[in-house]
Amino acid sequence: MLILGICGNATLARSNRGDNMKDAIAGLFEQALDQLITQGIIDAADRRPVQIENTRDPAHGDLATNVAMMHAKAANLAPRALADLLLEHLPRSDSVQATEIAGPGFINVRLAKGAAFKPVIRCLEEHNQFGFHQETDERVQVEFVSANPTGPLHVGHGRGAAYGATLVNLLKARGHQVGAEYYVNDAGRQMNILAVSVFIRYLEQTGESIVFPSAGYQGDYISSLGVTLFQDAGNSLQVSYDTLIDGAPTDSEENKDAHIDRLVRNAKGSLGDNWLKPFNLALTAILDDIKDDLSEFGADFDEWFSEKSLVTSGEIDRAISTLEERGHLYKRGGAIWFRSTDFGDDKDRVVRRDNGETTYFASDIAYIANKFSRGFDRIIYVWGADHHGYIARIKAAAHALGFDPERLTIRLVQFAILYKDGERLQMSTRSGSFVTLRELRDYVGRDACRYFYVMRKADQHLDFDLSLATSQSKDNPVYYIQYAHARICRVFEGLEGQPFDEKRGLDHLTSLVTQEELDLATAIGRFPEIVGKAADSLEAHLIGYYLQDLAAEFHRWYNGTRLLVDDTDIRDARLALAKAVQIVIRNGLDLIGVSAPRSM
């Protein structure tokens, strides 16, 4: 049963935090708890934070709390009895119309109509800043994509790009100072394989009869780079194919890695300093393509960090020395090992091989030290799900170097699986049979790409349905959300000689009485909370879920309500509500890198 009369002129607690109604209502219950602690009914040591949630059914009010149930055992009272005491001591507020004790001891709160529409007022005041709050000095780095520059980005990379770019936007919306970074793997075995693949295609242009290695990169782009190298260098780099394969084992399934490694060794020996010509040509061309691709996708980076710089600057050697000084290294079988099992890893890791070369992991260790040396308070890695096994060793390295591993967060992203005409498309950079991110964008559009990639939790499997992404129906979530925005724009463009008076609309919001209008106002008020939750939990999909719900609420209201009525007070109040929905949709879509079209 609703208990009415909690009204008066008291100011809502925590009002300095803006019009976050949940915080405000929580503040009222905190004050009630203070009173019960003063009276000795609850011990201060047993106090728990007040949690306020939205009710699932508007018939039960707007907000609910389990505060009585959380404290009942410590107070030695039944939850409903403690709920009664809390309501007796709840401060009076103009924003609360009624409260209700429900079920085993939940307390439901029904907001006064004026309070329900406060977020609408805030939204129209703040416009493109609505939902984006909380000043902080925390510096955060987000490293994402970081695909080896061995070929064009494929559809699998797109999900990490969309997720990482959205995280950057969310963290900035919360006030963090954010650095977006791409780690360029421009050193190591895969780059050598890329260079020798291009060189072999170059030899083909010189007239050499070649058999392309099965472990080489085989896409059309490799052939194109071979042609470019021949156009640049002519026959000046030519060596016989027999020289290239001298001493190489037969190119079989068992020996293909040893075969390609021997080709790399022979090419380096034959070319000397000229080895850098195919190497740098391939690296520059592919990296430039990746940069253009990501920029067109709306994923921008503050830093493109070179792995090779860790070698040339001596940072890898310094990181290894630091671990040695701290007693975390040992020698075995001619190699140097990092004792990562001391920090929770399942086995120790080699940092320097018996031939003196450092490992990929040694570069990773130096990169961690470099990141922290730049003053970041928190570091976020976005990796493909196939890197799950790397988490423990990276955390171990950070700990061993003397950094707090809790300042390092790793998020895994499942690769999206693309379906076309009901068939799964295969993706393999090495074989050259893959769908590029650019091709996907050309087919479904950037907006659908960005939205579909983040509409599911990042570590969950995603089937990318091309048919759905290109459909113009309510089943296509991005189309449905954008259509809501365009519908509102069309309403305002059709006002002609009867302009919208925003002040009049805001002054008469309480004239809106339907449940659909109250639901819309409540949904608008949830946006800042959703942004905060998505940013703090690094769960970008929450924005998509929210926008789908908001669009559904709007379409339901719009389809059953005439906005442009003769009563200008009601008309402008409804237009004010619609404008707030428009602003929130635009702000939400902007966070996930999707446009808000004015017409569709």
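Only a predicted model underlies this, so the values are computations on that prediction, with no experimental measurement involved.

Asks: Explain the overall build of the chain to me, and be specific about the residues and the numbers.
Replies: From N to C terminus, the chain includes 23 helices and 16 strands. C-alpha atoms of the chain, sized along the principal axes, occupy 95 × 65 × 40 Å. Across the 600 residues that make up the chain, the buried fraction comes to 51%. Here the chain has roughly 26600 Å² of accessible surface; of this, 45% comes from carbon and sulfur atoms. In the chain, 65 positive and 84 negative side-chain charges are present, and the distance between their average locations comes to 2 Å.

Asks: Give me the lowdown on unusual backbone geometry, citing residues and values where you can.
Replies: Backbone phi values are negative for most residues with the exception of glycine, while trans is the configuration of most peptide bonds. The phi angle at Asn76 is positive, at roughly 60°, despite the residue not being glycine. Inspection of the secondary structure puts Asn76 in the loop between helix H2 (67–75) and helix H3 (79–88). With relative accessibility at 70%, the residue Asn76 sits in the exposed group. Although it is not a glycine, Val145 adopts a positive phi angle of roughly 70°. Summarising the element assignment, Val145 is placed in the loop between strand E6 (139–143) and helix H6 (155–173). On the accessibility criterion, Val145 (16% relative accessible area) is buried.

Asks: I'd like a description of the packing of helix H11 (residues 276–297) against helix H16 (residues 437–444), backed by residues and values.
Replies: For the pair H11 and H16, the least separation of the axes is 10 Å and the interaxial angle reads 30°. Overall, the two elements H11 and H16 adopt an arrangement that is roughly parallel. The handedness of the crossing between H11 and H16 is left-handed. Two secondary-structure elements touch here, H11 through Asp289, Asp292, Asp293, Glu296 and Phe297 and H16 through Leu437, Arg438 and Arg441. Among the residues forming the contact of H11 with H16, the class breakdown is 2 nonpolar, no polar and 6 charged.

Asks: Please provide a residue-by-residue account of the pairing of strand E12 (residues 378–384), values included.
Replies: Across the 7 residues of E12, 7 count as buried, placing the element largely inside the fold. Burial of the side chains of E12 extends over both faces: Arg378, Ile380, Val382 and Gly384 are buried on one face and Ile379, Tyr381 and Trp383 on the other. Relative to E12, E6 runs parallel, the two sharing 4 bridges. Paired with Glu143 across the two strands is Tyr381, which belongs to E12. By the bridge criterion, 6 bridges tie E12 to strand E13 (residues 408–413) in an arrangement that is parallel. Following the sheet pairing, Tyr381 is matched in E13 by Ile410.

Asks: Give a detailed account of the sheet that holds strand E11 (residues 349–352), specifying residues and quantitative values.
Replies: In space, the 3 strands of this open sheet follow the order E9-E10-E11, with antiparallel pairing throughout. With partners counted over all chains shown, the strands left at the sheet margins are strand E9 (329–332) and E11, one partner each. Along the sheet, successive strands turn relative to each other by an average axial angle of 45°, direction set aside. Pairing analysis gives 4 bridges linking E9 to strand E10 (residues 335–338), with the strands arranged antiparallel.

Asks: Explain the sheet that holds strand E15 (residues 423–424) to me, using residue names and the numbers behind them.
Replies: Strand order in the open sheet formed by 3 strands is E15-E14-E16, with mixed pairing between adjacent strands. For this open sheet the edge positions go to E15 and strand E16 (462–465), each flanked by a neighbour on one side alone. Judged from the 2 bridges that link them, strand E14 (residues 416–420) and E15 form a sheet pairing that is antiparallel. What sits directly across from Tyr419, in E15, is Arg424. Across the sheet, helix H17 (residues 446–454) lies against E14 and E16, angled at about 155° from E16, the strand it touches most.

Asks: If you had to explain the pattern of salt bridges to someone new, which residues and values would you point to?
Replies: As enumerated under the stated definition, the model contains 27 salt bridges in all. The partner of Arg47 in a salt bridge is Asp34, and the shortest N-O contact between them spans 2.5 Å. Of this pair, Arg47 sits in the loop between helix H1 (21–38) and strand E2 (52–54) while Asp34 sits in helix H1; the two residues are 13 residues apart in sequence, bridging distant segments of the chain. For Glu181, the salt bridge goes to Arg374, with nearest N and O atoms at 2.7 Å. Of the two residues, Glu181 sits in strand E7 (residues 177–184) while Arg374 sits in the loop between helix H14 (360–373) and E12, which places them 193 residues apart along the sequence. With a relative accessible area of 27%, Arg374 lands in the partly exposed category. A single network of salt bridges, built from pairs that share partners, joins Asp289, Asp293, Glu296, Arg438 and Arg441.

Asks: Give me the confidence of the model for the chain: which residues, what numbers.
Replies: Looking at the chain as a whole, its pLDDT mean stands at 91, while 95% of the residues score no less than 70. Throughout residues 1–19 the model reports pLDDT below 50, and contacts reaching past four residues in sequence, or to other chains, amount to 47 contacts.

Asks: Requested: an account of the side chain of Glu307, with residues and values cited.
Replies: Position of Glu307 relative to the elements: it lies in helix H12 (residues 307–312). Despite its burial, Glu307 remains without a salt bridge, the nearest opposite charge being carried by Lys308 at 9.5 Å. Within the local environment of Glu307, its side chain forms a polar contact with the side chain of Asn185, the two groups lying 3.5 Å apart. Apart from residues no more than four positions distant in its own chain, Glu307 is found in contact with Tyr183, Val184, Asn185, Asp186, Ala187, Tyr360 and Ser363.

Asks: Please set out the nonpolar core residue by residue, giving values where relevant.
Replies: The biggest cluster of nonpolar side chains holds 133 residues, and the ones touching the most others in it are Phe144 and Tyr453. Here this core takes 12 residues from helix H23 (residues 568–591), the largest share from any one element. Sequence-distant contacts of Phe144, that is, excluding residues within four places in its chain, are made with Gly160, Ala161, Gly164, Ala165, Val168, Ala180, Glu181, Tyr182, Ala299, Asp300, Phe301 and Val382. Counting 31 residues, the second-largest nonpolar core is a separate cluster that includes Leu310, Leu329, Ala366 and Trp383.

Asks: Help me get a handle on the packing of aromatic side chains, residues and values and all.
Replies: Under the criterion given, the structure shown has 25 aromatic pairs. Their ring planes at 20° and their centres at 4.2 Å tell us that Tyr183 and Tyr367 sit as a pair that is stacked. Of this pair, Tyr183 sits in strand E7 while Tyr367 is found in helix H14, placing the two residues 184 residues apart along the sequence. The same class applies to Tyr183 and to Tyr367, which are both buried. Here the aromatic residues Phe130, Phe132, Phe527 and Tyr546 are joined through ring pairs into a cluster of three or more. The ring of Trp337 carries the charged tip of Arg332 above its face, separated from the ring centre by 4.0 Å. In this structure, Lys371 is placed above the aromatic ring of Tyr381, and the distance from its NZ or CZ to the ring centre is 4.6 Å.

Asks: How would you explain the environment of Asp23 if you had to name every residue and give the values?
Replies: Inspection of the secondary structure assignment puts Asp23 in helix H1. Judged by its relative accessible area of 16%, Asp23 falls in the buried class. For the pair Asp23 and Val50, spaced 27 residues apart in the sequence, the C-alpha separation amounts to 9.3 Å.

Conventions adopted
- Counting from 1, residues in each chain are numbered in the order their sequence is written.
- It should be noted that, the model being predicted, local features are given only for residues of pLDDT at least 70 and side-chain atom pairs only at 80 or more, the latter also being counted only at that level, while totals for whole chains, interfaces and linings use all residues.
- Side-chain numbers come from the whole structure's heavy atoms, not from hydrogens or water.
- Strands are runs of DSSP state E lasting at least 2 residues, helices are runs of H or I lasting at least 4, and numbering of each runs from the N terminus.
- For each residue, the accessible area found with a 1.4 Å probe, counting protein chains only, is set against the maximum for its type, and the residue is called buried under 20%, exposed over 50%, and partly exposed in between.
- Computed with the Shrake-Rupley method and a 1.4 Å probe, the accessible areas treat only the protein chains shown as cover for residues.
- Positive charges are assigned to Lys and Arg, negative charges to Asp and Glu, while His and the chain termini are left out of the count.
- Throughout, a charge is located at the NZ atom of Lys, the CZ atom of Arg, the CG atom of Asp or the CD atom of Glu.
- Fitted lines through C-alpha atoms give the axes, limited to the stretch in contact for helices. The angle between two N-to-C directions lies from 0 to 180 degrees.
- Should an angle lie under 35 degrees it is considered roughly parallel, over 145 roughly antiparallel, and from 65 to 115 roughly perpendicular; all remaining angles are considered oblique.
- Two helices that cross are described as forming a left-handed crossing if the nearer one is turned anticlockwise from the farther one by less than a right angle, and a right-handed crossing if clockwise.
- The criterion used for residue contact is that any of the two residues' heavy atoms lie within 4.5 Å.
- In the scheme used here, Gly and all other residues not listed as nonpolar or charged are polar, with Ala, Val, Leu, Ile, Met, Phe, Trp, Tyr, Cys and Pro taken as nonpolar and Asp, Glu, Lys and Arg as charged.
- Any two strands between which DSSP finds at least two bridges are classified as paired.
- Here, a salt bridge means any side-chain nitrogen of Lys or Arg that lies within 4 Å of a carboxyl oxygen of Asp or Glu.
- Confidence scores per residue from the predictor, reported as pLDDT, run from 0 to 100.
- Nitrogen and oxygen atoms within 3.5 Å of one another constitute a polar contact, given that in protein one can donate a hydrogen and the other can accept it, and given that sequence-neighbouring residues count only through two side-chain atoms.
- Here, the term nonpolar core denotes a set of buried Ala, Val, Leu, Ile, Met, Phe, Trp, Tyr and Cys residues that are joined through side-chain atoms within 4.5 Å.
- Pairing of aromatic side chains requires ring centres within 6.5 Å, counting the rings of Phe and Tyr and the six-membered ring of Trp. Pairs whose planes differ by under 30 degrees are stacked, by over 60 edge-to-face, and all others tilted.
- Criterion for a charge above a ring: Lys NZ or Arg CZ within 6 Å of the ring centre, and within 35 degrees of the ring normal.

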